Amino acid sequence: MRHTDTGSGTPLLLLHAFPLDSRMWDPVRAGLAERARVITPDLPGDLVDPPSLEAVAVRLVGLLDELGLDRCDVGGASLGGYVLMALLRVAPERVGRVLFAGTKAVADTPEAARGRFELADRVEREGASAAAGMAPNLVSDPGLAPRLQGWIGEQPAAAVAWTARAMAARPDSRETLRALDLDALVVHGERDAVMGVEVAEDIAALTGGQLVVVPGAGHLVPVEAPEAFLGAVLPWLAR
C-alpha cells in the first residue's frame, strides 16, 4: 500500500475521503507533523473480491506491521471514517485515539447504496473523471472544486469503482462504536452538503467524544479550513 510518512512522535494514521487520495491531507500535513508521525496511505490498496472495507482494514494492519507499529492513533475523513470503523471491528487493539472528520456511523440506505453501484458502473465505463461531478458538493467554497476534480480524474478507475461498491456494502457501525472505550474527537463542517451535522453528533454521543463543528466549512474540513482543523486536532494530540 503506497503511503507517505512525515514527522516524528506518536504515530497518526490518516485515511482520506472518497474519491480522492492522500493529497487531501497536504494542507494540514506539516502542522500535524510538528506533533505526530503522520502516515497517509492511498486507499484502498489491493482490490479483492468481493469489495469490502474490512479488506482495506486488514491491509492497513499489514501496513502497521510493515512499519513496526503495534498501535497508533487513527483519523478518517468520510470514506476514511468508514475504514476506521472497519479497523475497529477487525483489530481494535491496534487503534489508540480516534479522529472522525465528516463521516457517519450508519450504513447506506438502499437508495444510497444503489447510487454507489451506479457510480461504480459509470466509472468503469467512462473512467474516474465520471466521479468528478461530486467535487462541488465536497466543499462550500466553489473555488476549490477544480482542484478536487483534478485529483478525482487522476484516480485509477478500478479502485474508484471497487471502493464505491465496498462502501455500499458496509454495515452499520453504531454498536461497534458504542461497545468500545474510545478517546474520540469528531470534526465536522457546519455547511457539509453530503452529511448533516447530526451524523457527527451521533458519533460523538456513541463514543463520548468531543465534537467540533467548523463554521462555514463543507465536507472536507482539512482541505477547506486547514487552520480550523489544526486548531481542533493539535490540542487533542497534545493531551
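Look a little higher up for the structure.
Residues numbered from 1 in each chain as written. Predicted model: local features only at pLDDT ≥ 70, side-chain atom pairs only at ≥ 80, totals over all residues. Heavy atoms only, no water.

Help me out: how do you make sense of the pattern of salt bridges in this one?
If the charged atoms of two oppositely charged side chains come close together, the side chains can form a pair. According to the stated counting rule, one finds 16 salt bridges in the structure shown. Note that Arg23 and Asp21 form a salt bridge whose closest N and O atoms lie 2.9 Å from each other. For Arg165, the salt bridge is made with Glu124, and the minimal N-O distance between the two is 2.9 Å. Here Arg165 is found in helix H7 (residues 157–168), whereas its partner Glu124 is found in helix H4 (residues 110–126), with 41 residues between them in sequence. For Arg165, a relative accessible area of 19% translates into the label buried. Taken together, the salt bridges that share partners define one network made up of Asp21, Arg23 and Glu154. (Salt bridge = Lys/Arg side-chain N within 4 Å of Asp/Glu carboxyl O. Helix = DSSP H or I, 4+ residues; strand = E, 2+ residues; numbered from the N terminus. Buried < 20%, exposed > 50% of the residue type's maximum accessible area, 1.4 Å probe, protein only.)

Can you help me understand the packing of helix H2 (residues 53–67) against helix H3 (residues 79–90) in this one?
Between two packed helices, both the angle of their axes relative to each other and the distance between the axes serve to describe the pair. The N-to-C vectors of H2 and H3 enclose an angle of 75°; their axes lie 8 Å apart at closest approach. Taken together, the axis directions place H2 and H3 in an arrangement best described as roughly perpendicular. Facing H2, whose interface residues are Leu53, Glu54, Val56, Ala57, Val58, Leu60 and Val61, H3 presents Leu79, Tyr82, Val83, Ala86, Leu87, Arg89 and Val90. Within the contact of H2 with H3, the residues separate by chemical class into twelve nonpolar, no polar and two charged. (Axes fitted to C-alpha atoms, helices over the stretch in contact; angles between N-to-C directions. Parallel < 35°, antiparallel > 145°, perpendicular 65-115°, else oblique. Contact = heavy atoms within 4.5 Å. Nonpolar A, V, L, I, M, F, W, Y, C, P; charged D, E, K, R; others polar.)

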